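# Architecture and fold: a report
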Amino acid sequence: TPQDFSAIIANQYGWKRPDGTRRYREIFATVARKNGKTTLAAGSALLEVFDPIEDGSEVYSAAGSRDQANLVFTQAKGMVNRDAVLSDKLKCYTHAIVNLDDELTTYRSISAEAHTAHGYNPQYCVIDELHTQPKRDLVDVLITGMGARQQPQLTYITTAGHDVTTICYEVYDRAKQVLEGATNSRNP
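Residues numbered from 1 in each chain as written. Predicted model: local features only at pLDDT ≥ 70, side-chain atom pairs only at ≥ 80, totals over all residues. Heavy atoms only, no water.

## As for the overall build of the protein
Within the protein, the secondary structure is distributed over six helices and seven strands. Split into buried and exposed, the 188 residues of the protein put 45% on the buried side. In the protein, once contacts between residues fewer than 6 apart in sequence are set aside, the share between residues at least 24 apart is 72%. If you sum the accessible surface of the protein, you get close to 9700 Å²; carbon and sulfur atoms cover 50% of it. (Helix = DSSP H or I, 4+ residues; strand = E, 2+ residues; numbered from the N terminus. Buried < 20%, exposed > 50% of the residue type's maximum accessible area, 1.4 Å probe, protein only. Contact = heavy atoms within 4.5 Å. Areas by Shrake-Rupley, 256 points an atom, 1.4 Å probe, with all protein chains shown as cover.)

Right, here's the structure in full:
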């Protein structure tokens, strides 16, 4: 619902630490099917490439399959192509969206073929439909790739799953513990 999305955006971008850096480095949001989570994810990814926190920001949408990862990316390309402000600053290519003021700031989609993600240095990544990740490899590679960034952010956006042996359930369980005050969040 729009109220839920407002809370996600407020926590993503509205809260800062005393030193001015992002307060939250991981966001976990479960959203029911057909409620606009792909649009929300595309908008967040575009904000990160349109107004990057660091020069040379690498922005990624990731998912269990190439087709799923491309859903967010395709939505983002459509937004750029329909908006004069976005298209004045961002250029869409087949497999990338590039910030024209800093051509090292790019946005791409990647899939669960984790071996292709080594060497990435993500500033921001949205993982769509976390419950469909076949293994945890892609998530682990993206988290370790964020190690050199001062304030990276990893956003998981997913519908509910039912398999308690997946990375999705692990992230869900950790988020639940953080909410209950039982543990601190991990800082990628």
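## Things to note about helix 3 (residues 66–82)
An α-helical segment advances 3.6 residues per turn. Residues three or four places apart therefore align on the same side. Here helix 3 contains 17 residues, and its C-alpha end-to-end distance of 24 Å stays within 8% of the 24 Å for a straight helix at 1.5 Å per residue. Among all positions in helix 3, only A69, V72, F73, A76, G78 and V80 are buried. (Expected span 1.5 Å × (residues − 1).)

## Section: the environment of G78
Within the secondary structure, G78 sits in helix 3. Each C-alpha atom, one on G78 and one on C92, is 9.3 Å from the other, the two residues being 14 residues apart in sequence.

## Describing the packing of aromatic side chains
Two numbers describe a pair of aromatic rings. These are the distance of the centres and the angle of the planes. This structure, assessed with the given rule, holds two aromatic pairs. With 4.6 Å between their ring centres and 10° between their planes, Y60 and Y120 make a pair best called stacked. Placement of Y60 in strand 2 (residues 58–63) and of Y120 in the loop between strand 5 (102–111) and strand 6 (122–128) is noted, with a sequence separation of 60 residues between them. If you follow K89 out to its NZ or CZ, it ends over the ring of F50, 4.7 Å from the centre. (Phe/Tyr/Trp six-rings, centres within 6.5 Å; stacked < 30°, edge-to-face > 60°. Lys NZ or Arg CZ within 6 Å of the ring centre and 35° of its normal.)

## Considerations on the pairing of strand 6
For strand 6, the buried fraction is high: seven of the seven residues fall into the buried class. Two elements, strand 2 and strand 6, share five bridges in a ladder whose sense is parallel. Residue pairing for strand 6: E58 is matched across the bridge by P122. (Pairing = 2+ DSSP bridges.)

## With respect to the nonpolar core
Side chains that are nonpolar tend, in soluble globular proteins, to be buried together. Formed by 21 residues in total, the largest nonpolar core has its most connected members in L46, L90, I97 and Y107. Mapped onto this core, the elements with two or more residues apiece are helix 1 (2–14), helix 2 (37–50), helix 3 and strand 6. With six residues, the single largest contributor to this core is helix 2. Excluding residues that lie within four positions of it along the chain, L90 makes contacts with L46, V49, F50, V80, I97, V98, N99 and L100. Formed by twelve residues, the second largest nonpolar core is a distinct cluster that contains Y60, I110, C125 and I127. (Core = buried A, V, L, I, M, F, W, Y, C linked by side-chain atoms within 4.5 Å.)

## Comments concerning the pairing of strand 7 (residues 153–158)
Burial within strand 7 is extensive, with six of its six residues counted as buried. Across the two faces of strand 7 the burial is the same, with Q153, T155 and I157 and L154, Y156 and T158 all buried.

## Focus: the side chain of Q153
Turning to its location among the elements, Q153 is positioned in strand 7. Among the polar contacts made by the side chain of Q153, one reaches the side chain of R22 at a distance of 3.5 Å. Each residue touching Q153, except ones within four places of it in the same chain, is listed here: Q12, R22, Y24, R25, I27, Q123, Y124, C125 and M146. (Polar contact = N/O pair within 3.5 Å; in protein donor to acceptor, adjacent residues only side chain to side chain.)

## Digging into the pattern of salt bridges
One pass over the structure, following the stated rule, counts three salt bridges. Across the pair E54 and R149 runs a salt bridge, and its minimum N-O distance is 3.2 Å. Here the residue E54 occupies a position in the loop between helix 2 and strand 2, and R149 occupies one in the loop between helix 5 (137–145) and strand 7, the gap between them amounting to 95 residues. Residues K89 and D101 are paired through a salt bridge, measuring 3.8 Å at the closest nitrogen-oxygen approach. A residue pair is termed long-range when its members are at least 10 positions apart, and K89 in helix 4 (residues 84–89) and D101 in the loop between strand 4 (97–99) and strand 5 qualify at twelve residues. (Salt bridge = Lys/Arg side-chain N within 4 Å of Asp/Glu carboxyl O.)

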